[in-house]
Amino acid sequence: MTAPTDLTLAEARAALAAKRISARELAEAHLAAIEKLKDLNAFITVTPERALADAAAADARIAKGEARPLDGIPLAIKDLFCTTGIRSTAASRILGNFVPPYESTVSAKLWAAGAVCLGKTNLDEFAMGSSNTTSAFGNVVNPWRRRGDNRDLVPGGSSGGSAAAVAARLCLGATATDTGGSIRQPAAFTGTVGIKPTYGRCSRWGIVAFASSLDQAGPIARTVRDAAILLREMSGHDPKDSTSADVAVPDFEAALGQGVKGLRIGVPKEYRLDGMVPEIEALWQQGIAWLKEAGATIHDISLPHTRYALPTYYIVAPAEASSNLARYDGVRYGLRVEEGGDLDDLYEATRGAGFGAEVRRRILIGTYVLSAGYYDAYYLKAQKVRALIQRDFDEAYKIVDAILTPATPSSAFAIGEKQDDPVTMYLNDVFTVPANLAGLPGISVPAGLDASGLPLGLQVLGRAFDEETVFRVAAAIEAAAGFDALPQLRAA
Amino acid sequence: MTYTLEGRTGAWEIVCGLEIHAQVISKAKLFSGAATAFGAAPNTQVSFVDAAFPGMLPVINRECVAQAIRTGLGLNAEINLWSRFDRKNYFYADLPAGYQISQYQHPIVGKGEIVIDLADGTQRTIGITRLHLEQDAGKSLHDQHPTKSYIDLNRAGVALMEIVSEPDIRSPEEAGAYVAKLRQILRYLGTCDGNMEEGSLRADVNVSVRKPGEMYRTRCEVKNVNSIRFVMQAIEAEARRQIEVWESGGEVQQETRLFDPNRGVTRPMRSKEHAHDYRYFPDPDLLPLELDPDWVAELKAHLPELPDAKAARFQRDYGLSAYDARVLVAEQATADYYESVAKGRDPKQAANWVMGDLFAALNRTGRGIADSPVSAASLGRLLDLIADDTISGRIAKQVFEEMVDTGADPAAIVEAKGLRQVKDAGAIDAAVAQVLAANADKVAEYKAGKDKLFGFFVGQVMKAMAGKGNPALVNEALKKALG
Amino acid sequence: MSLDAETVRRIAALARIRVKDEEVTRLQGELNHILAWIEQLSEVETEGVEPLPGAMRMKLKMREDVVTDGDLHDAILANAPDRADNAMGSFFAVPKVVE
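Residues take numbers from 1 onward in each chain, read along the sequence in its written order. Key to labels: chains lettered from A, ligands numbered from 1, both in the order written. Thresholds applied to this predicted model are a pLDDT of at least 70 for local features of residues and 80 or more for the giving and counting of side-chain atom pairs; totals over whole chains, interfaces and linings are not thresholded and use all residues. With hydrogens and water stripped out, all remaining heavy atoms of the structure feed into the side-chain values.

A description of the interface of chain C and chain A should follow, citing residues and the corresponding values.
In this assembly, 52 residues from chain C lie in contact with 76 residues from chain A. Using a 1.4 Å probe, buried area is obtained as the accessible area two parts lose upon being combined, added over both of them. Taken together, the two surfaces of chain C and chain A that pack against each other cover about 5,400 Å², and 67% of this comes from carbon and sulfur. What counts as a salt bridge is simple: a side-chain nitrogen of Lys or Arg found within 4 Å of a carboxyl oxygen of Asp or Glu. Put simply, chain C and chain A have 8 salt bridges between them. One salt bridge connects C:Glu43 with A:Arg307, and the closest N-O pair in it is separated by 3.8 Å. N or O atoms within 3.5 Å of each other form a polar contact, as long as, within protein, one can give a hydrogen and the other can take it, and as long as residues adjacent in sequence are counted only when both atoms are side-chain atoms. Remark: the boundary between chain C and chain A carries 17 residue pairs in polar contact (both at pLDDT 80 or more). Helix numbering and strand numbering both begin at the N terminus, where a helix is a DSSP run of H or I of at least 4 residues and a strand a DSSP run of E of at least 2. At the level of secondary structure, the elements contributing two or more residues to the side of chain C that touches chain A comprise α1 (5–14), α2 (21–38), α3 (73–77) and β2 (89–95) of chain C. With 9 residues, α2(C) is the largest single contributor of residues to the side of chain C that touches chain A. Split by residue class, the side of chain C that touches chain A holds 33 nonpolar, 7 polar and 12 charged. Whether two residues are in contact is decided by their heavy atoms: any pair within 4.5 Å suffices. Polarity classes work like this: nonpolar for Ala, Val, Leu, Ile, Met, Phe, Trp, Tyr, Cys and Pro, charged for Asp, Glu, Lys and Arg, and polar for all others, with Gly in that last group.

I'd like a description of empty space enclosed by the protein, backed by residues and values.
With a 1 Å grid laid over protein atoms only, a set of points is called a cavity when a 1.4 Å probe fits there but cannot get out and a pocket when it is open yet has protein on both sides within 12 Å along at least five of seven lines; lining residues have an atom within 4 Å of a point. Grid points are joined across faces, edges and corners, and a volume is the space filled by probe spheres set on the points. Applying the stated criterion to the full structure yields 6 cavities of 30 Å³ or more. Roughly 230 Å³ of volume is contained in the largest cavity. Together, 20 residues line the largest cavity, and B:Val49, B:Asp50, B:Ala97, B:Ile101 and B:Gln135 are the ones closest to its centre. Looking at the lining of the largest cavity residue by residue, the classes come out as 13 nonpolar, 2 polar and 5 charged. What the second largest cavity holds in volume is close to 130 Å³. Around the second largest cavity, the lining is made up of 16 residues, and of these A:Arg204, A:Ile207, A:Val208, A:Ala209 and B:Gly55 lie nearest the centre.

Residue-level account of the packing of helix α10 (residues 309–324) of chain A against helix α12 (residues 357–370) of chain A, with values.
Residues and elements named next belong to chain A. Simply put, an axis is a line fit to the C-alpha atoms, just over the touching stretch for a helix, and the angle between two N-to-C directions goes from 0 to 180 degrees. Here α10 crosses α12 at 100°, and the two axes come no closer than 7 Å. Comparing their axes, α12 and α10 come out roughly perpendicular. On α12, the residues that touch Tyr314, Ile315, Pro318, Ala319 and Ser322 of α10 are Arg362, Ile363, Ile365, Gly366, Thr367, Val369 and Leu370. When grouped by side-chain class, the residues that make up the contact of α10 with α12 number 8 nonpolar, 3 polar and 1 charged. To sort the angles, those under 35 degrees are grouped as roughly parallel, those over 145 as roughly antiparallel, those from 65 to 115 as roughly perpendicular, and the leftovers as oblique.

So, the interface of chain A and chain B: which residues are in play, and what are the values?
Between chain A and chain B, the residue contacts involve 40 residues of the former and 31 residues of the latter. If you sort the residues of chain A by the area they bury against chain B, A:Ser242, A:Arg327 and A:Arg332 come out on top, with a joint share of 20%. One can count 1 salt bridge joining chain A with chain B. The shortest N-O distance in the salt bridge between B:Asp285 and A:Arg204 comes to 3.1 Å. One can count 17 residue pairs in polar contact (both at pLDDT 80 or more) joining chain A with chain B. Across the side of chain A that touches chain B, the residue classes break down as 20 nonpolar, 10 polar and 10 charged.

Give me the packing of aromatic side chains: which residues, what numbers.
In this scheme Phe, Tyr and Trp rings, the latter by its six-membered ring, pair at centre separations within 6.5 Å, and the angle between planes marks the pair as stacked below 30 degrees, edge-to-face above 60, and tilted otherwise. Counting across every chain of the model gives 38 aromatic pairs over all chains. Clustering of aromatic rings is evident, with ring pairs tying together A:Phe98, A:Tyr102, A:Phe126, A:Trp205, A:Tyr328, A:Tyr333, A:Phe355, B:Phe48 and B:Phe53. Positioned above the aromatic ring of A:Trp111 is the side chain of A:Arg50, whose terminal nitrogen or guanidinium carbon lies 4.8 Å from the ring centre. Taking NZ or CZ as reference, B:Arg87 lies 4.0 Å from the ring centre of B:Tyr99, over its face. Lysine NZ or arginine CZ positioned within 6 Å of the ring centre and within 35 degrees of the ring normal marks a charge as sitting over the ring.

Describe the sheet that holds strand β10 (residues 442–449) of chain A, and please don't skip the residues or the numbers.
Residues and elements named next belong to chain A. Sheet architecture is open: 11 strands sit in the order β1-β3-β2-β4-β6-β5-β10-β11-β9-β7-β8, paired in mixed fashion. Whereas interior strands pair on both sides, the edge strands pair on one side only; in this sheet they are β1 (43–46) and β8 (297–301). The sheet shows a mean angle of 30° between the axes of neighbouring strands, direction not considered. Along the sheet, helix α9 (residues 278–293) contacts β7 (264–268), β8, β9 (402–406), β10 and β11 (455–462); its crossing angle with β11, the most-contacted strand, is approximately 55°. When DSSP finds two or more bridges between two strands, those strands count as paired.

Below is the structure:
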């Protein structure tokens, strides 16, 4: 029999339903895997007692024939989601030992669906990063290694802990969030599937905010089907979030079987970067060929403002973050650093000590671009370019149903590489950021390996609230790619 | 006549605009479901949203929006069908999120106006620049501990309307009249209780001075003035200070000041002046506020009659003087009281009773019109007793005092005390005969031409009848008896 | 546009983040590098373009005026670094603020 940790979520669901395995066995196997691979540093907090209690409850429901959609499925939660009674850190010192007295809407939905809580995964501090090296709890190690090279690689970020945990088979799926690529980029770096749904699809209530107009929750899983199963349970209108969309949640899993025959796939010429790794270009061409073979039609399209998406993002996101993070002031919760002096001294000492270098840098940039005299040149300009980026997509979707691009400009890099220059680090998100600015759904699917044996992903973008088409295309790529490579570091 | 202050170098004019923060009447806060009631124990009406916990999000309260629209309509202002919430970023102990959700660029209400009533009977129109919705902050208590301030977040997130006037105000009196009129309108609309002591209505006063005919000079803002009297005093004190600065060769610096009512002066705020840079930007947790025009029309259709319209109607329909009408409409409850007394009766007599005896009784008993010891219905019944000659006006005053003391019905008092007016000719004639017999000397003087004594006889007869004689019949009987 | 050291200090003070003197030069370099890169936006023609603060194309929903929340005294104060209790009740405490 396959090891419990090698099951996909869909397989585990079937095994639970058939009573071939118990929720308890699943939970124990994953807890053991977490313990075995704790050097990956994928988790900030592991909750074994909670996991076993959840599993016992799930087993009881299954026995009574009252199983819920995710009953007994062990999941990990990015530590950006607030969880009742479980320390929630956003991977920052500033939250100290903050224990939320409330549960984020998305995680609450998962527990209501019967999922089992394994713990909270590591991330870049306040989700600001593309390498998971800005966490106050240490970097996460990618379960993959380059062939013949033992150096630790980054798992991508900011949802590096979730991606690493899924890739290393420490959980059957994990929640993540994506502000500029934080689901799709680590998924691509770890050979997993990650979808950022349409802005408004998942409630943001109870998720520590980074950049409110861009943040969106989504799942990371091992297969497209698993991602579809999880996204359905995570989605839905939440009256507590004014930006949550009051639209019906389709059965994403049901869309998978529909194939791509007749779908019009756009290939944007602006995503062909100067000096892009040839393997990425080759993979992209391969993806085009697969979709053509599966019956889709391929169309060259233009998204002319693509190259301005990153600089736009690096105005909008820090601006919103500078304001969103003002609440961490040492007064009501979290870290307080008091060295005598007045309230402003307390604020400055607390925030100076509580935020890491990258978060401080972004708060300063954000404060600057909103400050008197610079607002028009930076923030307002960025909003206008954002409008143009959205318009580019509106135009494109008049002629195509989905867009195919590479997910990242490179495979995973070593810890310490690209660290010297923030701008080089920011370029990791060059393919993922436009979808955040336009609020559109995007998925990263593992599609092949580069010369050093590291996974590479393709990205599929869709129309707003048309994740079904995104899933259909992703499923076709997954089927064609037959990606079955395994990371060197994994359970079982 | 323009109001001026006399300095060493001649006359100075005051230029003043007011920013009024009016707490919206609603059950829940602007962006959370926590209660707004005044006086609760500290930090018991605070949601995680109000305390800015991680991941908390605002959801706007429909009633607060409706209240802002009603107020805008009441100020004859433009209602902006598209408005937006911005974040105003600054750090302060009682501002949990580090920003206040407010409306900066696109307020819900645009230009409007208020007609103010001055003591000399004249009126002036003061322009309203805008009205916007925003969150209140919490409260810092500085007197509870020697080295600490204590923070109570009950008020954090309560809806405020900031109502900004044009710099049209030219004297302390006008400023006082402006606040009084605005307060009156808000109370009529039911959008703010206007309670300045509890802080439901707070004024920030912008003051500058200038020589007549000049352009504007530098202004200062005097923050958080919490009574109409202090508004007037603060303006005068600040204007005098500025005149002194200019006249001694200095220059007024734009700054934020506080009014010290005990010393009658303004002083600069002591808090560290980080150059204000609020870094406003659209709140990404909210979408633009788009109003359905039908909803605005519906709110307009249900607006109450406002004080100016009501006063005009009182003058027109009830023949009241402008002064009386204005007094009676000062409070909605007074106007309602008056109208139910006046309905179907002599409106001027009703006005005299309400403004005279009733107001005196309320003053004396320390009660308001809402819990008046005499209801409008029973005052009306008292007037009916005068109208149908059951009692005289004089006896009515006596009955009224009894009503104030006991709350009893006027007719019952009249019956119980036997105060019904005597109209029986026999009884009157008997009393007349008795009085004339007892005062034969006076009768002789009267007959000799001392006409003035007639009043004396009336008095004596009424006294003999314990005040209950019908005055007209008594007069008539006396005239007849005295030949 | 390029930041001088004084601006770095002013921005840090606005954001209430303590920056040591020796950090200012490094931060100034980093921020200017990022800003120079952002500068490329000025090439984009945006005349007449309506700014887009968010991608959501829906109408703002409103909540009814009902008290549904807030009686959370203990939970609100549970994480407080400095909580003060007296006869009036419980508060968050901070170093004394002078107005």
